[in-house]
Amino acid sequence: WVEPVTPGAVILRRFARGCARELLAGIDAVAARAPFRQMQTPGGFTMSVAMTSCGALGWVTDRQGYRYQPRDPQDLQPWPLMPPAFLTLGQQAAESAGFPGFMPDSCLINRYLPGARMALHQDKDERDLRAPIVSVSLGLTARFLFGGLSRRDPVRQIPLEHCDVVVWGGPARLAYHGIMPVRPGEHPLVGGVRYNLTLRQSGKNE
Ligand code: MD3
Ligand code: FE
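Rules behind the numbers
- For every chain, the first residue of its written sequence is number 1, and the numbers climb from 1 along that sequence.
- Just so you know, chain letters begin at A and ligand numbers begin at 1, following the order they were written in.
- Confidence filtering applies because this is a predicted model: local features only for residues at pLDDT of at least 70, side-chain atom pairs given and counted only at 80 or more, and all residues used for totals across whole chains, interfaces and linings.
- Water and hydrogen atoms were dropped before computing side-chain values, which therefore reflect all heavy atoms in the structure.
- Helix and strand definitions follow DSSP, with helices as H or I runs of at least four residues and strands as E runs of at least two, each counted in order from the N terminus.
- C-alpha atoms define the radius of gyration, and 2.2 Å times the number of residues to the power 0.38 defines the globule rule.
- Residue contacts are counted whenever heavy atoms from the two residues lie within 4.5 Å of one another.
- The protein chains shown are the only cover counted for residues, whose accessible areas, like all others here, come from Shrake-Rupley with a 1.4 Å probe.
- Note that His is not counted, nor are the chain ends; the positive residues are Lys and Arg, and the negative ones are Asp and Glu.
- Taken as the charge location is NZ of Lys, CZ of Arg, CG of Asp or CD of Glu.
- Metal sites are built from N, O and S donor atoms within 2.8 Å, or 3.2 Å for Na, K and Ca, and they leave out water, so they may look incomplete.
- Residues are counted as near a molecule or strand when any one of their heavy atoms sits within 4 Å of it.
- In the analysis that follows, any N or O atom pair within 3.5 Å is treated as a polar contact, provided that within protein one partner can donate a hydrogen and the other can accept it, and provided that, for residues neighboring in sequence, both atoms belong to side chains.
- Side-chain classes follow a simple rule in which Ala, Val, Leu, Ile, Met, Phe, Trp, Tyr, Cys and Pro form the nonpolar group, Asp, Glu, Lys and Arg form the charged group, and the remainder, Gly included, forms the polar group.

Asks: Whenever I open this one, the overall build of the protein chain confuses me. Can you help?
Replies: The number of helices and strands found in the protein chain is 2 helices and 13 strands. Relative to the 2.2 N^0.38 estimate, which gives 17 Å for 206 residues, the radius of gyration of the protein chain is 16 Å and therefore close to what a compact globule would have. Overall, the protein chain is about 40 × 40 × 35 Å in size when its C-alpha atoms are taken along their principal axes. A separation threshold of at least 6 residues defines the contact pool for the protein chain, and within that pool the share at least 24 residues apart is 72%. A total accessible area of about 9,900 Å² is found for the protein chain, and carbon and sulfur atoms account for 55% of it. Between the mean site of the 23 positive side-chain charges and the mean site of the 17 negative ones, the protein chain shows a separation of 5 Å.

Asks: Would you explain the coordination of the iron ion (ligand 2) in this entry?
Replies: Perfect tetrahedral coordination of a metal by four donors corresponds to 109.5 degrees between them, and perfect octahedral coordination by six donors corresponds to 90 or 180 degrees. For the iron ion (ligand 2), the full set of protein donor atoms is H121 (NE2), D123 (OD) and H177 (NE2), and the range of their distances to it is 2.0 to 2.2 Å. In the primary structure, the donors to the iron ion (ligand 2) are separated according to the pattern H-x1-D-x53-H. Highlighted residues: H121 in strand β7 (residues 118–121) and H177 in strand β12 (residues 177–179), separated in sequence by 56 residues.

Asks: Got a minute to help me understand the site of ligand 1 in this structure?
Replies: Lining the immediate environment of ligand 1, one finds 19 residues, of which N110, Y112, H177, R194 and R200 sit closest. Between ligand 1 and the protein, one listed contact pairs an oxygen atom with a side-chain N or O atom of H121 at 3.2 Å. Within the side chain of D123, an N or O atom sits 3.0 Å from an oxygen atom of ligand 1. In the complex, 98% of the free accessible area of ligand 1, which totals 500 Å², lies under the protein chains. Those elements that place two or more of their residues in the shell around ligand 1 are β6 (106–112), β7, β8 (133–139), β12 and β13 (194–200). In terms of residue count, the dominant contributor to the shell around ligand 1 is β13 (4 residues). Of the residues assigned to the shell around ligand 1, the class counts are 9 nonpolar, 6 polar and 4 charged.

Structural data, given as structure tokens:
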């Protein structure tokens, strides 16, 4: 079922149910080549979320700043190819939400162990902010924080559960958002962890 969040954003509850195992196999395949790592923020803090990427470009952060780059900074190799199941799901979700022609060139994979969180932020490192972002939650439930276009706008908490897919586009694309610390638990398929895939069109398309 479809749950509107705000203009431009919809939650497709359980949309990934049919492909969860394939997505998890894709995560394992990517992580075998480009392991999860906790990156440094430009301010020098270590992120509690561990990340890796696949596709033509991957999102990285270090003391130099945030950016997308074609190679993994750990081994200077190109990022792993995007698993076909990621691309198919992302395109189907975007289309269902009213964004046909979504061509993601990057998927950031976030891994949350208990206690990991993501502070309120905007995603604005992508070159074309007209393209939506598709996010897929797997494993432990998270309390997602959703604010407005200003950091001072009120923040809502929305639970995101296993196989929920959210499409963020239009006026929601630059909204502040984050994740509360993940609580310990055990998911029958995924174990004691939460994964989030975010499919992005990070470079220029045309
Ligand atoms: C709203 N990830 O990777 S997904 C991120 O669950 C990120 O790992 C969170 O925020 C996570 O940048 C939240 C939901 C999400 C992703 C991108 C958005 C919400 C968004 C972009 C714009 C607005
Ligand atoms: Fe984000």
